[in-house]
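Read off the chains here:
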Amino acid sequence: MGRHCQLVMGPAGSGKSTYCATMMTHCQTTGRKVHLVNLDPAAEHFEYEPTIDIRELITLEDVMEELDYGPNGGLIYCLEFLINNIDWLEEEIGNFDDDYLIFDCPGQIELYTHFPIMRRLCETLNRLNMSICGVYCLESQFIEDKSKYFSGVLSAMSAMVNLEIPHINVMTKMDLIEGDYGSKKIDDGTDEEDVDQDEESAAQKKKRKQKRRRRLMEKAMTDREMDRYLEPDPLLMAEDADFVLNGEQPSPSSLKFQALNQAIVQLIDDYSMVRFIPLNITDEDSIEYVLSHVDNSMQYGEDLEPKEPDDAIEYD
């Protein structure tokens, strides 16, 4: 029987650990045996204790102290050390024949786009008869800056091309956006000016800040506009360039950047690979929707054998 795993990737701060914790909770609720595998040697806090932890093999703190490396170089060294001692990981994984593993990977983007480390890890997992699904997380705040957003799209596409595994892209933190893709909040009718600052509790202040942030994002985006980010529309970058020029005569440097933007747009359009699935961790349907895409991409469940419940119900 085959084994299955998710390889959760993405830039730092994109919500990978929150995604892993959310999936762990959801899978355990539905009766699926799932284990967390930590591949980040610099991680400190987990909502779920990892079943397999790279820090038992090597830690970033030890590498920085003994080899005098910086955090980026030290993290790459740790992952290379893991690949060179892959027998350790094979032995740890060997105990889980019929379980579902979620790999929480580091947030250093070079590991997925520049170095062959994660590709070699995927080859090892394939050799262990594991079905893999890459999950690339990009936070919804990237859409506030189109240049930042398209750099995330290119990074996701680079990871898809380099790893050559079944892959989905997830737009995380959608609960921060109002509308059909985020959490719909009912306005209580109270304005900020009506709130007595002296008597306002910490929870009310937090709620007020969240409402202000949602209103700002809602002003810049409609549901129709959001679709253009979930399925990247190359014209977004062209529109941004036209807005910057604003009818002025372009300078030679701006013309060069415009040509670069056109090349990036053409690249994204030619590959036409990247599409994002929105994830709102406060909505169970949204979580199940993402998980169903992951399961379908690696054909989870097709080779599972039916199991009898521990306590069978006896009928008279």
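Residues numbered from 1 in each chain as written. Predicted model: local features only at pLDDT ≥ 70, side-chain atom pairs only at ≥ 80, totals over all residues. Heavy atoms only, no water.

### Some details on the pattern of salt bridges
Piece 1. Under the definition given, this model contains eight salt bridges.
Piece 2. Close ionic contact of arginine 32 with aspartate 295 constitutes a salt bridge, the shortest N to O distance being 3.0 Å. Of this pair, arginine 32 sits in the loop between helix 1 (16-29) and strand 2 (34-38) while aspartate 295 sits in helix 12 (residues 284-297); the two residues are 263 residues apart in sequence, bridging distant segments of the chain.
Piece 3. For arginine 32, a relative accessible area of 15% corresponds to the buried category.
Piece 4. The salt bridge involving glutamate 139 is made with lysine 173; its shortest N-O contact spans 3.3 Å. (Salt bridge = Lys/Arg side-chain N within 4 Å of Asp/Glu carboxyl O. Helix = DSSP H or I, 4+ residues; strand = E, 2+ residues; numbered from the N terminus. Buried < 20%, exposed > 50% of the residue type's maximum accessible area, 1.4 Å probe, protein only.)

### Let's talk about a negative patch on the surface
Piece 1. On the surface, Glu44, Glu61, Asp62, Glu65 and Glu66 cluster together into a patch of negative charge.
Piece 2. Tracing the backbone shows glutamate 61 in helix 2 (residues 60-67).
Piece 3. By relative accessible area, glutamate 61 is classed as exposed at 60%. (Patch = residues over 30% accessible without salt bridge, like charges linked within 9 Å, V, L, I, M, F, W, Y side chains within 5 Å. Areas by Shrake-Rupley, 256 points an atom, 1.4 Å probe, with all protein chains shown as cover. Lys, Arg positive; Asp, Glu negative; His and termini not counted. Charge placed at Lys NZ, Arg CZ, Asp CG, Glu CD.)

### Quick notes on the sheet that holds strand 1 (residues 3-9)
Piece 1. Judged by pairing direction, the sheet is parallel, and its seven strands sit side by side in the order 3-2-4-1-5-6-7 without closing on themselves. One side of each edge strand has no neighbouring strand; the edge strands of this open sheet are strand 3 (52-53) and strand 7 (276-278).
Piece 2. As paired elements, strand 2 and strand 3 share two bridges and run parallel to each other. Each residue of the ladder has a partner; that of asparagine 38, found in strand 3, is aspartate 53. (Pairing = 2+ DSSP bridges.)

The quantities given are spatial measurements derived from coordinates; they are silent on function.
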